[in-house]
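# Structure assessment
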Amino acid sequence: TASIRSEGSGRVSLSGSGSTDSSGPGRDNSVDLPSHDDRWPRQNSLSMKEWDIPYDELKLYEVIGAGRFGTVYRGSWHGAVAVKVLHVHALNDHCAPLDTFKHEVATFRKTRHENLVLFMGACMKPPRLAIVTSLCKGMTLYTHIHLRKDKFTANKSVLVAQQISQGMGYLHARGIIHKDLKTKNIFLENGKVVITDFGLFSVTKLCFGNNARGDSLGIPSGWLCYLAPELVRALRPHASLHLPFSKQTDVYAFGTVWYELLCGEYPFKGQPAEAIIWQVGKGAKQSLANMQASRDIKDILMLCWSYRESERPDFSHLLSTLEKLPRKRLARSPSHPVHLSRSADS
Ligand code: ADP
Ligand code: MG
């Protein structure tokens with residue numbers, strides 16, 4: 001657990017100055033760490049038990065996907081669920097998995113928002129560690145954009161981005177940093193955005209990062225372009241655990257999602273990791289010269305991708321900026337429906 005705690009405090013001191021960041025994780029994220037257990041020991045252990053799902057009660061059906069840290073199954077537990085089963089053979093003394101896992105479960109269970117996946121519980125008895133959430137219908141933004149090559153109009157992109165900002169604003173208000181915001185973790189269900197995998201980065205990286213497929217830096221493909229300059233500069237081979245994630249690094253990642261929605265591809269497309277690291281690390285951004293979009297839309301991108309984290313907007317600011325965009329454009333075509341058409345999800 002020491003590494004996790006130091007990650008937390010390291011991040012707070014990095015973001016500095018006692019801003020909302022420092023109160024957030026301390027209050028919201030750390031209640032189940034041993035060092036804080038003496039505050040309300042009874043309530044915590046009780047409320048942790050409430051979320052404990054006996055592994056035997058779960059029905060696991062087919063594998064939906066294999067992620068970095070385990071296998072995701074379609075399952076059943078009082079209805080359709082998604083079950084993320086951690087690869088238990090990878091758990092060992094070096095990664096103090098259970099405390100990290102419980103810590104992240106504690107983060108998860110405090111989230112209730114329309115645009116966030118519903119956390120239902122977890123199996124917390126080793127060697128059976130699993131996270132149970134509602135099963136997302138529809139497809140991820142990644143599938144829409146990169147596999148199906150669906151085109152998102154500016155209006156649709158704005159509506160999606162607004163919902164992402166709403167969900168992310170909620171997480172940040174609760175002191176939770178997503179750490180892995182990407183189009184693969186954003187589902188679209190009949191036009192409704194559902195964000196998954198918030199706050200699970202540590203347990204995934206802690207136990208499995210060393211085995212992750214990727215290049216020599218251990219960088220999974222499609223991950224780099226979400227990393228803010230301060231993260232890129234902190235990259236070390238096989239040491240992604242201690243990266244200085246912050247609310248601002250989430251905003252940078254949102255900028256990349258916004259770019260994918262608008263352009264249908266990743267920034268720095270086709271470039272090798274070394275070239276991306278070099279450019280982002282010294283403050284270069286993907287050029288927007290060939291992008292067909294209004295000034296306002298490009299400004300959002302540039303602000304989110306600001307080299308200095310203090311210059312990136314927060315999600316409530318982003319939301320109000322985004323809310324001003326579609327009305328302007330829709331005014332010119334009042335017949336266009338405001339909600340997303342179903343064609344984008346089915
Ligand atoms: P990644 O996010 O990098 O794709 P994950 O381990 O999070 O890796 O997910 C593996 C697969 O399971 C992905 O295809 C993802 O879309 C799917 N998946 C994850 N969570 C859910 C969920 N709650 N509902 C439906 N599918 C899910
Ligand atoms: Mg995921």
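Residues numbered from 1 in each chain as written. Chains lettered and ligands numbered in written order. Predicted model: local features only at pLDDT ≥ 70, side-chain atom pairs only at ≥ 80, totals over all residues. Heavy atoms only, no water.

For the rest of this paragraph, the subject is the overall build of the protein. Of regular secondary structure, the protein possesses 12 helices and eight strands. In the protein, which comprises 346 residues, the proportion classed as buried is 54%. Across the protein, contacts joining residues at least 24 apart in sequence account for 66% of those joining residues at least 6 apart. (Helix = DSSP H or I, 4+ residues; strand = E, 2+ residues; numbered from the N terminus. Buried < 20%, exposed > 50% of the residue type's maximum accessible area, 1.4 Å probe, protein only. Contact = heavy atoms within 4.5 Å.)

L141, I164, F254 and W258 are the most contacted members of the largest nonpolar core, which totals 76 residues. In this view, F254 contacts A161, I164, S165, L181, C304, F315, L318 and L322; residues no more than four positions away in its chain are not counted. In this structure, I53, V85, A130 and V132 belong to the second largest nonpolar core, which totals 10 residues. (Core = buried A, V, L, I, M, F, W, Y, C linked by side-chain atoms within 4.5 Å.)

This part covers the pairing of strand β8 (residues 192-195). In the sheet, strand β7 (residues 186-189) pairs with β8 via four bridges, with the strands oriented antiparallel. Note on β8: the bridge partner recorded for L188 is V193. Here β7 folds back onto β8 in antiparallel fashion, the turn holding two residues, of which N190 has a positive phi close to 50 degrees. (Pairing = 2+ DSSP bridges.)

Moving on, we come to the coordination of the magnesium ion (ligand 2). Within the first shell, the magnesium ion (ligand 2) binds the protein through N185 (OD1) and D197 (OD), at distances of 1.9 to 2.0 Å. A residue pair is termed long-range when its members are at least 10 positions apart, and N185 in the loop between α6 (154-173) and β7 and D197 in the loop between β8 and α7 (201-208) qualify at 12 residues. (Donors = N, O, S within 2.8 Å, 3.2 Å for Na, K, Ca; no water.)

Turning our attention to the state of the cysteines. The tally for this structure, following the rule as stated, stands at zero disulfides. Considering cysteine sulfurs only, C225 is the nearest to C263, which forms no disulfide, with 12 Å between them. (Disulfide = S-S within 2.5 Å.)

On to the site of ligand 1. Residues in contact with ligand 1 amount to 16 residues; listed here are only the nearest, K84, C136, K182, N185 and D197. The contact in question runs from a nitrogen atom of ligand 1 to an N or O atom on the backbone of S134, over 3.1 Å. The contact in question runs from an oxygen atom of ligand 1 to an N or O atom on the side chain of D197, over 2.7 Å. Surface burial for ligand 1 is 83%, taken as the share of its 550 Å² of free accessible area covered by protein chains. (Near = heavy atom within 4 Å. Polar contact = N/O pair within 3.5 Å; in protein donor to acceptor, adjacent residues only side chain to side chain. Areas by Shrake-Rupley, 256 points an atom, 1.4 Å probe, with all protein chains shown as cover.)

Reading across the sheet, the five strands line up as β1-β2-β3-β5-β4 and stay open at both edges, with antiparallel pairing between neighbours. Looking at which strands have only one partner, the edges of the open sheet turn out to be β1 (59-66) and β4 (119-125). On average, each strand axis in the sheet is inclined to that of its neighbour by 25 degrees, with strand direction left out of account. (Axes fitted to C-alpha atoms, helices over the stretch in contact; angles between N-to-C directions.)

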